[in-house]
Amino acid sequence: MNSHHASAAPSSALDGACRAFSVPQRIQASSLERSALAQAQHSTFPYDDGDISVWSLGLGPRVLLVHGWDSRGSHLAAFVEPLLRAGFAVTLFDLPAHGDSGGSLSSPVHAGRALAALAEQLGPIHGVIAHSLGSAASLWAFAHGLKVNASVHLCGPSSLSPMLQLQALGHSLSPEEQAEFHTWVEQHIGITPAEMDLPSLKHGLQHPALIMHDPADRVVPFAASTDLHRHWPGSELVELEGLGHRRILTDPQVIARSCALLSSAHKAGAQA
């Protein structure tokens, strides 16, 4: 990681911030998650950042499930059965450097590029359900050509700049270190952080969306979702009390509302 670094010995705080932004933890699937995906067709999508592990189930309009940082596709397994019952095909996958996929480095931009490439390979995508970093990845993909009929965004960061500020605060970076951190991030993602902020992404927000977030979320601030809602004319924002950042992924009401949006978007498309 330090090979990207201009100075010979970065501070441990700066090094920690860079690592936290680029090296996710690999989480193993639980036996429950493995059995939930046992029925799925498992495949490997060859990809530059490392081959991507993909699971697909069902027939019908395709819904892609996009997981967050330090997570894996199987963490959204609770959505699979209800989506299949609603008549959708479902695809889950592990982002680069996550779960069973290859690669060792990631970021919201790496994730967005991987999502866009996989979506192109899979053919038309009806909808996306995305959690946390996965939501940021899908916003990037929408701005770079991924067309869907509807999407659901759960506790997602919506602009990169505020997240970098939070990360710098979390690692107690000095002003000099913050400047170095920004430079490093720019090299790592290959674009300026501003290109991952809503003003640069909002042209991709053309379809109906459901945004759900707990105002007390301690991982991703609720402000990220109010901001996304403000930039997205066709979006609805739902405040979810008491679900935190991760319990949202197994909440029956969240899953039912997600399925309802995707179903109504499919009916609207069929009538059009």
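Presented here is a report on the structure given in the accompanying data block. Given the structure is predicted, the values throughout are model-derived calculations rather than measurements.

A count of helical and extended segments in the protein gives ten helices and eight strands. For 272 residues, the compact-globule formula gives about 19 Å, and the C-alpha radius of gyration of the protein, at 18 Å, lands near that figure. Summed over its atoms, the accessible surface of the protein is roughly 11,700 Å², and 53% of this surface lies on carbon and sulfur atoms. Side chains of the protein carry 15 positive and 23 negative charges; the gap between the two charge centres is 8 Å.

The next subject is the side chain of Ser158. Mapping Ser158 onto the fold places it in the loop between β6 (150-154) and α6 (160-170). At 2.7 Å, the side chain of Ser158 forms a polar contact with the backbone oxygen of Ala224. Setting aside residues no more than four positions away along its own chain, Ser158 makes contact with Leu139, Met196, Leu198, Leu201, Ala224, Asp227 and Leu228.

What follows deals with the nonpolar core. Phe93 and Phe181 are the most contacted members of the largest nonpolar core, which has 49 residues in total. For Phe181, the contacting residues outside a window of four places in its chain are Leu14, Ala17, Cys18, Phe21, Leu164, Gln167, Ala168 and Leu173. In terms of nonpolar packing, the next biggest core, distinct from the first, is built from 31 residues, Val90, Leu154, Ile255 and Leu261 among them.

All right, on to the side chain of Asp251 then. As for its placement among the helices and strands, Asp251 is situated in the loop between β8 (235-239) and α10 (252-271). Buried within the structure, Asp251 lacks any salt-bridge partner; its nearest side chain of opposite charge belongs to Arg247, at an N-O separation of 7.7 Å. Only 3.0 Å separates the side chain of Asp251 from the backbone nitrogen of Val254, close enough to count as a polar contact.

Between helix α4 (residues 108-122) and helix α5 (residues 133-143), the shortest axis-to-axis distance is 8 Å and the interhelical angle comes to 60 degrees. Classified by the angle between their axes, α4 and α5 sit oblique to one another. Judged by the twist between their axes, the crossing of α4 over α5 is right-handed. For the pair formed by α4 and α5, the contact residues are Pro108, Val109, Ala111, Gly112, Arg113, Leu115 and Ala116 on the first element and Leu133, Ala136, Ala137, Ser138, Trp140 and Ala141 on the second. In terms of residue class, the contact of α4 with α5 is built from ten nonpolar, two polar and one charged.

Bringing the packing of aromatic side chains into the picture now. Summed over all chains, the structure comprises three aromatic pairs. Judged by centre distance (6.4 Å) and plane angle (90 degrees), the ring pair of Phe21 and Phe181 falls under edge-to-face. Placement of the pair is Phe21 in helix α1 (residues 12-22) and Phe181 in helix α7 (residues 175-189), with a sequence separation of 160 residues. Relative accessible area serves as the criterion here: at 6%, Phe21 is assigned to the buried category. By relative accessible area, which is 0% here, Phe181 ends up buried.

Extensive coverage of strand β2 (residues 52-57) is indicated by the burial of six of its six residues. Here β2 shows no split at all, with Ile52, Val54 and Ser56 on one side and Ser53, Trp55 and Leu57 on the other all buried. As paired elements, strand β1 (residues 41-45) and β2 share five bridges and run antiparallel to each other. Within β2, the position partnered with Thr44 by the bridge is Ser53. Between β1 and β2, which pair antiparallel in sequence order, lie six residues; one of them, Gly50, sits at a positive phi of approximately 125 degrees. One ladder, built from four bridges, connects β2 with strand β4 (residues 89-93); its direction is antiparallel.

This paragraph deals with the environment of Glu177. Position of Glu177 among the secondary structure elements: in helix α7. What makes Glu177 buried here is its relative accessible area of 17%. With residues up to four places along the chain from it excluded, the contact list for Glu177 reads Ser11, Ala13, Leu14 and Ser172. In this structure the side chain of Glu177 is engaged in a polar contact, spanning 2.8 Å, whose partner is the backbone nitrogen of Ser174.

So, how was this worked out
Residues numbered from 1 in each chain as written. Predicted model: local features only at pLDDT ≥ 70, side-chain atom pairs only at ≥ 80, totals over all residues. Heavy atoms only, no water. Helix = DSSP H or I, 4+ residues; strand = E, 2+ residues; numbered from the N terminus. Rg over C-alpha atoms; globule rule 2.2 N^0.38 Å. Areas by Shrake-Rupley, 256 points an atom, 1.4 Å probe, with all protein chains shown as cover. Lys, Arg positive; Asp, Glu negative; His and termini not counted. Charge placed at Lys NZ, Arg CZ, Asp CG, Glu CD. Polar contact = N/O pair within 3.5 Å; in protein donor to acceptor, adjacent residues only side chain to side chain. Contact = heavy atoms within 4.5 Å. Core = buried A, V, L, I, M, F, W, Y, C linked by side-chain atoms within 4.5 Å. Buried < 20%, exposed > 50% of the residue type's maximum accessible area, 1.4 Å probe, protein only. Salt bridge = Lys/Arg side-chain N within 4 Å of Asp/Glu carboxyl O. Axes fitted to C-alpha atoms, helices over the stretch in contact; angles between N-to-C directions. Parallel < 35°, antiparallel > 145°, perpendicular 65-115°, else oblique. Left-handed = near helix turned anticlockwise from the far one by under 90°. Nonpolar A, V, L, I, M, F, W, Y, C, P; charged D, E, K, R; others polar. Phe/Tyr/Trp six-rings, centres within 6.5 Å; stacked < 30°, edge-to-face > 60°. Pairing = 2+ DSSP bridges.

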